[in-house]
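Report on the structure
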Amino acid sequence: MKFARRLVLGTVLVLVVAVAVLVWASEVSLRKDLEIDFTRELEREAMLVREALPADSAAWQPTVRHLSGESGHRITLVDRTGRVRGESDPAGDSLSRIENHLSRPEVQQALAGATGYNRRVSATIGKALMYVAVPGGPGVVRVAATLEQVDTIVHRAQRSVLWAAVLALILGTGLAVVAGRSVARPLTEITTAARAISNGSPPHFPHSGIPDIDSLVRALREMHTQLGDRFEELRRERAESAALVESMVEGVIAADGRGRIVNANGAARRLLGYEPDDTLPDLPQLFRAKAPREVVASVLGGTSVLGRELELDDGVVLVSARPLPAGGAVLVIHDITELRRLETVRRDFVANVSHELKTPLTSISGYAETLLGEWPDPVTARRFLGVIQGNAKRMQRLVDDLLDLSRIESGGWHPEPERLDLAALARESWAPFAERATARQVGFDLEIAPDGASLEADPDAIRQILTNLMDNALRYTPMGGLITVASRREDGEVVLSVRDTGSGIPNEHLPRVFERFYRADPSRSREEGGTGLGLAIVKHLVEAHDGRVAAESEVGRGTTMRCWFPAPDTVS
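Everything numeric here is computed off the predicted structure, so don't read it as measured data. (Residues numbered from 1 in each chain as written. Predicted model: local features only at pLDDT ≥ 70, side-chain atom pairs only at ≥ 80, totals over all residues. Heavy atoms only, no water.)

1. A closer look at the pattern of salt bridges
Applying the stated criterion across every chain yields a total of 21 salt bridges. Where Lys 539 meets Glu 543, a salt bridge forms, and the shortest distance between an N and an O atom there is 2.9 Å. Taken together, the positions of Lys 539 and Glu 543, both in helix α14 (residues 534-544) and 4 residues apart, correspond to about one turn of that helix. Classification of Lys 539 as partly exposed rests on a relative accessible area of 27%. Given a relative accessible area of 38%, Glu 543 falls into the partly exposed group. Each member of the salt-bridge network shares a partner with another, and the members are Glu 106, Arg 120 and Arg 142. (Salt bridge = Lys/Arg side-chain N within 4 Å of Asp/Glu carboxyl O. Helix = DSSP H or I, 4+ residues; strand = E, 2+ residues; numbered from the N terminus. Buried < 20%, exposed > 50% of the residue type's maximum accessible area, 1.4 Å probe, protein only.)

Shown next, in the form of structure tokens:
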């Protein structure tokens, strides 16, 4: 067969095949895109109808007719029982005759709270319609329209492509006969460009001067541009989704149908103890504990797991897992360790407060009942009233300390620093205890170093810190003891300490003495009137100044409470 004839036949065959592919691809792609846009337009129209419905249900039918006349689309109102409450089509003049719409797929989806879609032949008007339903109005607002407009556009596009194909076929055949080689070259280049597109390489589109071939080249160029734009959009959406998942506080793990982990965000790696570059094992081998492995087995078997609380190493996590439609699973892990710790702290706090209030309340109630039952002699009555007053003051101190602690912890209090003379402030804070100390023959001394004589801090806070520490020291210092307030500069900080020669604290209690209601000697502390909150308040006040506290003690030789504050020249 001669080259010209072979070229003509080959050209005709290539053009016919290319046209067929382009017509099919353009129809499928265009119809899909148009139907999506059409569906979105119907959804927006349904939302507008929902907003435009009056409150009076008697006006729904006229409103539906009016809105349908404006848009040219069918509008139907359905209540939650499936009964039609409004119909724009003339067939809906008698609403009671229209069958119940509860079984309609789009109505069921809308009643479930989502937007419903369906395409079918209407049982009311006998036409193929696209239905879009949104929740609202009496229950569901549905808008429907025929796809004739979409079909018209698609058919018009098909005709355009076909006309272009016919023209290309005629011109290509004529030019192939006249100049075989000049036609074969651009066809070869077009083939090369098409292969480059399929391989993802930059294509080179030739210019042959032949309209049908150039039309094909333009179509390929437009297709390549559209594909590039869509791939870029997909890459951007994928990057955005990956960034969103990575920024989540919850750990997210995705696995394929074989259990291999295809994605795990940073939070999941931190919770499971893996570094960002570590290779994760398959999902069934990811957890060592039995309970998490059971969750993995369930979700890989196709069963969803929602809100399962599990212990994971040293923490507590909340795990939700769902199987994926194409196989595999997604796990979401939420660390609730701190939440459970706070719940434990809250329970302990309530129990401690209840216990602290119970003793003075019991004493007040008992002595008051005794006085009400039979009035004793004046001396006994005065003693009873003194006990009642003492326990009431103890309760008042507890409430005051709780309020102070709550105010500090909640952030409602902020220090207002000013330059303080620590020696003068220490003497002022000791004054309320002087009489009590004299009665117990407890001495008081100051050891204020020249470089630690001043402090940049809130005066009320420092006064309360010294008062609580002095009161605590005096409570445990025996007859003839000594309480010393010292201050010195050390490594750019001012160390303020209160030292006593009391009974001391065993080493096992030292790490917890600054906790609320913690007592190394509970019975003796209550006898002395302590609330168990003094050292906790001290700790929070010092930390509010960007400082820290510590306790040192030796049983039988006394205790030293130290507070470190930023030195005045280092405070910003």
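Still more to cover.
2. Brief notes about the sheet that holds strand β1 (residues 74-79)
On the basis of which strands lie adjacent, the open sheet formed by 5 strands has the order β2-β1-β5-β4-β3 and antiparallel pairing. Strand pairing shows two members of the sheet lacking a second neighbour, β2 (84-87) and β3 (116-121), which therefore form its edges. The mean inter-strand angle of the sheet, taken between neighbouring strand axes irrespective of direction, is 20°. Taken together, the 6 bridges between β3 and strand β4 (residues 128-136) define a ladder with antiparallel strand orientation. Opposite Val 121, over in β4, you have Ala 128 as the bridge partner. (Pairing = 2+ DSSP bridges. Axes fitted to C-alpha atoms, helices over the stretch in contact; angles between N-to-C directions.)

3. Remarks on the packing of helix α12 (residues 459-476) against α14
Here α12 crosses α14 at 150°, and the two axes come no closer than 9 Å. When the axes of α12 and α14 are compared, the pair comes out roughly antiparallel. The chirality of how α12 crosses α14 is left-handed. Side by side, α12 and α14 meet where Ala 461, Gln 464, Ile 465, Asn 468, Leu 469 and Asn 472 of the first sit next to Gly 534, Leu 535, Ile 537, Val 538, Leu 541 and Val 542 of the second. Across the contact of α12 with α14, the residue classes tally to 8 nonpolar, 4 polar and no charged. (Parallel < 35°, antiparallel > 145°, perpendicular 65-115°, else oblique. Left-handed = near helix turned anticlockwise from the far one by under 90°. Contact = heavy atoms within 4.5 Å. Nonpolar A, V, L, I, M, F, W, Y, C, P; charged D, E, K, R; others polar.)

4. Details of the packing of helix α11 (residues 422-439) against α12
One can describe the packing of α11 onto α12 by two numbers: an axis separation of 9 Å at closest approach and a directional angle of 35°. In the crossing of α11 with α12, the sense of the turn from one axis to the other is right-handed. Between α11 and α12, the contacting residues are Leu 422, Leu 425, Ala 426, Glu 428, Ser 429, Trp 430, Phe 433, Arg 436 and Ala 437 on the first element and Pro 459, Ile 462, Arg 463, Leu 466, Thr 467, Met 470, Asp 471, Leu 474 and Arg 475 on the second. The residue inventory of the contact of α11 with α12, partitioned by class, reads 11 nonpolar, 2 polar and 5 charged.

5. Digging into helix α2 (residues 60-71)
Helix length check: α2, at 12 residues, gives a terminal C-alpha distance of 16 Å against a target of 16 Å (1.5 Å per residue), a fit within 8%. Those residues of α2 not exposed but buried are Trp 60, Gln 61, Thr 63, Val 64 and Ser 68. Looking straight down α2, one finds its buried side chains confined to an arc of 160°; they lie on one side. For α2, the exposed residues lying more than 90 degrees away from the buried face are Gly 69 and Glu 70. Looking one or two residues past α2, Gly 72 carries a phi angle of roughly 80°, positive in sign. (Expected span 1.5 Å × (residues − 1). Arc of directions from axis to C-beta.)

6. Some details on the sheet that holds strand β8 (residues 305-312)
The strand order across the open sheet formed by 5 strands is β7-β6-β10-β9-β8, and the pairing between neighbours is antiparallel. Taken across any chain shown, the strands that pair with only one partner, and hence form the sheet edges, are β7 (261-264) and β8. On average, each strand axis in the sheet is inclined to that of its neighbour by 20°, with strand direction left out of account. With 5 bridges joining them, strand β6 (residues 251-255) and strand β10 (residues 329-335) adopt antiparallel strand pairing. Looking across to β10, one finds that Ala 254 is bridged to Val 330. Lying on the sheet, helix α8 (residues 290-300) is in contact with β8, β9 (315-323) and β10; it crosses β8 at an angle near 155°.

7. Some details on a negative patch on the surface
Taken together, the side chains of Asp 229, Glu 233, Glu 237 and Glu 240 present a region of like negative charge at the surface. In this fold, Glu 240 is placed in helix α6 (residues 211-247). (Patch = residues over 30% accessible without salt bridge, like charges linked within 9 Å, V, L, I, M, F, W, Y side chains within 5 Å. Areas by Shrake-Rupley, 256 points an atom, 1.4 Å probe, with all protein chains shown as cover. Lys, Arg positive; Asp, Glu negative; His and termini not counted. Charge placed at Lys NZ, Arg CZ, Asp CG, Glu CD.)

8. Quick notes on the nonpolar core
Looking at soluble globular proteins, one finds that nonpolar side chains tend to be buried together. Counting residues in each nonpolar core, the largest one holds 38 residues, and the members touching the most others are Ile 462, Ile 465, Leu 466, Leu 469, Cys 563 and Phe 565. Breaking this core down by element, the ones donating at least two residues are α11, β13 (454-457), α12, β14 (482-490), β15 (493-500), α14, β16 (548-554) and β17 (558-566). Counting residues per element, this core draws most heavily on α12, which supplies 8 residues. In contact with Ile 462, other than residues within four places in its own chain, are Leu 420, Leu 422, Leu 425, Leu 455, Ala 457, Leu 496 and Phe 565. (Core = buried A, V, L, I, M, F, W, Y, C linked by side-chain atoms within 4.5 Å.)

9. A closer look at α8
Given 3.6 residues per helical turn, the α-helix brings residues three or four places apart onto the same face. Taken together, the buried positions of α8 are occupied by Pro 292, Val 295, Val 296 and Val 299. For α8, the buried positions fall inside an angular range of 100° around the axis, keeping them on one side. The exposed set on the far side of α8, more than 90 degrees from its buried face, consists of Lys 290 and Ala 297. Residues of α8 that are buried make contact with β8, β9 and β10. Where α8 terminates, the next one or two residues include Gly 302, which has phi positive at roughly 100°.

10. Comments concerning a nonpolar patch on the surface
A cluster of nonpolar side chains, Met 223, Leu 227, Phe 231 and Leu 234, forms an exposed patch at the surface whose accessible area comes to about 360 Å². In this structure, Phe 231 sits in helix α6. Owing to a relative accessible area of 46%, Phe 231 belongs among the partly exposed residues under this scheme.

11. Topic: the side chain of His 545
Looking at where His 545 falls in the secondary structure, it is placed in the loop between α14 and β16. Overall, His 545 belongs to the buried group, its relative accessible area being 8%. Here the side chain of His 545 touches Asp 458 through a polar contact of 3.1 Å, landing on its backbone nitrogen. At 2.8 Å, the side chain of His 545 forms a polar contact with the backbone oxygen of Leu 541. (Polar contact = N/O pair within 3.5 Å; in protein donor to acceptor, adjacent residues only side chain to side chain.)

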